[in-house]
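Per-entry structural report
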Amino acid sequence: MGWLDALLGRSKPVKPNLDALFALPSAAVTLQAATGLVPTGLGSVAFRAAEGGAFATLERDVKALLGERVEESHDSYGYTWLLVRRSPDVLGDLVTELHAVNSSLESAGFGPSLLCSLVSFQAEGGRRLAVVYLYKRGTFYPFAPLPGRRRDNALELQVRGALEGELPLEKDLARWFPVWGAPGL
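Now for a quick tour of the structure. Note that the structure is predicted; figures quoted are calculated from it, not measured. Numbering of residues starts from 1 in every chain and runs along the sequence as written. With the structure being a predicted model, the display of local features is reserved for residues of pLDDT at least 70 and the display and counting of side-chain atom pairs for 80 or more, all residues being used for whole-chain, interface and lining totals. Values shown for side chains rest on all heavy atoms present in the structure; no hydrogens or waters enter the calculation.

What follows covers the sheet that holds strand β5 (residues 128-134). Spatially, β2-β3-β1-β4-β5-β6 is the arrangement adopted by the 6 strands of the open sheet, whose pairing is antiparallel. Two strands lie at the open edges of the sheet, namely β2 (70-74) and β6 (139-143), each paired on one side alone. Pairwise comparison of adjacent strand axes, ignoring direction, gives a mean angle of 20° for this sheet. Each of β1 (38-47), β3 (80-85) and β4 (114-122) is contacted by helix α4 (residues 91-110), which is oriented at about 10° to β1, the strand it contacts most. We call two residues contacting when some pair of their heavy atoms lies within 4.5 Å. For every element, the axis is a line fit to its C-alpha atoms; helices are fit only across the contacting stretch, and the angle between N-to-C directions ranges from 0 to 180 degrees. Secondary structure elements are taken from DSSP: a helix is a run of H or I of four residues or more, a strand is a run of E of two residues or more, and numbering for both begins at the N terminus. The strands that helix α5 (residues 153-163) touches are β5 and β6; relative to β6, the one it contacts most, it runs at about 145°. Pairs of strands are assigned from DSSP output, requiring at least two bridges between the strands.

Below, the structure written as structure tokens:
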């Protein structure tokens, strides 16, 4: 970052570390002990699809690699979601497949199209939570939806406290964007 950028208040974006996803399985153990939330075996990746044959080929290859375990959907904001299903007992395999999707998009030059990845958790009684990885920030945050498009802020803050030190957490709470209707949540 140059001195003019510093003067104007511009900052260099954080380089995402997709390998940070591999910390989720051990963080899930901490999360379960602190909150009772367990993995559902569902995770998804959101990205803005690009026009052109190269992107279409890459998307087809990713879906062929994951086979029946992947479903594609589109949201009202124009993002494509790939939902990956695995056994809840093998969170490491789910994370590996989400990482493969992200890495494939990034290595093909479509990294700027990536929005986020998330892994779902649930507890007895129906409480749900997603641990969301913001691609452009290189950080995680919890999102706990409630009926009526409300959030369980107390649970989100409890999860933040439990996962501090386990994952690089987003410090700016204003960036804890709701992902209403995200596949797998």
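With that out of the way, let us pick up α5. Partly exposed residues are those whose accessible area sits between 20% and 50% of the maximum for their type, while under 20% is buried and over 50% is exposed, using a 1.4 Å probe and protein chains only. Burial in α5 covers these residues: Leu 155, Glu 156, Val 159, Ala 162 and Leu 163. End-on, the buried residues of α5 take up no more than an arc of 125°, which puts them together on one face. Summarising the contacts, the buried residues of α5 are in contact with α2 (24-35), β5, β6 and β8 (150-151). With its phi angle positive at about 90°, Gly 165 sits one or two positions after the end of α5. As used here, the arc belongs to the directions running from the helix axis to the C-beta atoms.

Along the chain, Asp 152 turns up in the loop between β8 and α5. His is not counted, nor are the chain ends, whereas Lys and Arg count as positive and Asp and Glu as negative. Salt bridges are defined as contacts in which a side-chain nitrogen from Lys or Arg sits within 4 Å of a carboxyl oxygen from Asp or Glu. No salt bridge is formed by the buried Asp 152, whose closest oppositely charged neighbour, Arg 127, lies at an N-O distance of 5.2 Å. Look past the residues within four positions of Asp 152 in its chain and what remains in contact with it is Arg 127, Ala 144 and Leu 146.

In this section: the layout of surface pockets. Only protein atoms enter the 1 Å grid, on which a cavity is a set of points fitting a 1.4 Å probe that cannot get out and a pocket is an open set with protein on both sides within 12 Å along at least 5 of 7 lines, lining residues being those with an atom within 4 Å of a point. Grid points are joined across faces, edges and corners, and a volume is the space filled by probe spheres set on the points. Of the pockets and cavities examined, the largest pocket occupies roughly 340 Å³. Lining the largest pocket are 19 residues, and of these Asp 75, Tyr 77, Trp 81, Pro 178 and Val 179 sit closest to its centre. Residue assignment for the lining of the largest pocket shows that the elements contributing at least two residues are β2 and β4. Put simply, Ala, Val, Leu, Ile, Met, Phe, Trp, Tyr, Cys and Pro go in the nonpolar bin, Asp, Glu, Lys and Arg in the charged bin, and everything else, Gly too, in the polar bin. Of the residues that constitute the lining of the largest pocket, the class distribution is 13 nonpolar, 4 polar and 2 charged.

Moving on, we come to the nonpolar core. Residue types Ala, Val, Leu, Ile, Met, Phe, Trp, Tyr and Cys, when buried and joined through side-chain atoms within 4.5 Å, form a set referred to as a nonpolar core. Phe 121, Val 131 and Phe 140 are the most contacted members of the largest nonpolar core, which has 39 residues in total. Counting only elements with at least two residues in this core, the list comes to α2, β1, α3 (53-66), β3, α4, β4, β5 and α5. Residue contacts for Val 131: discarding those within four places in its chain leaves Leu 24, Leu 31, Ser 117, Leu 118, Val 119, Phe 121, Phe 140, Tyr 141, Leu 163 and Leu 167.

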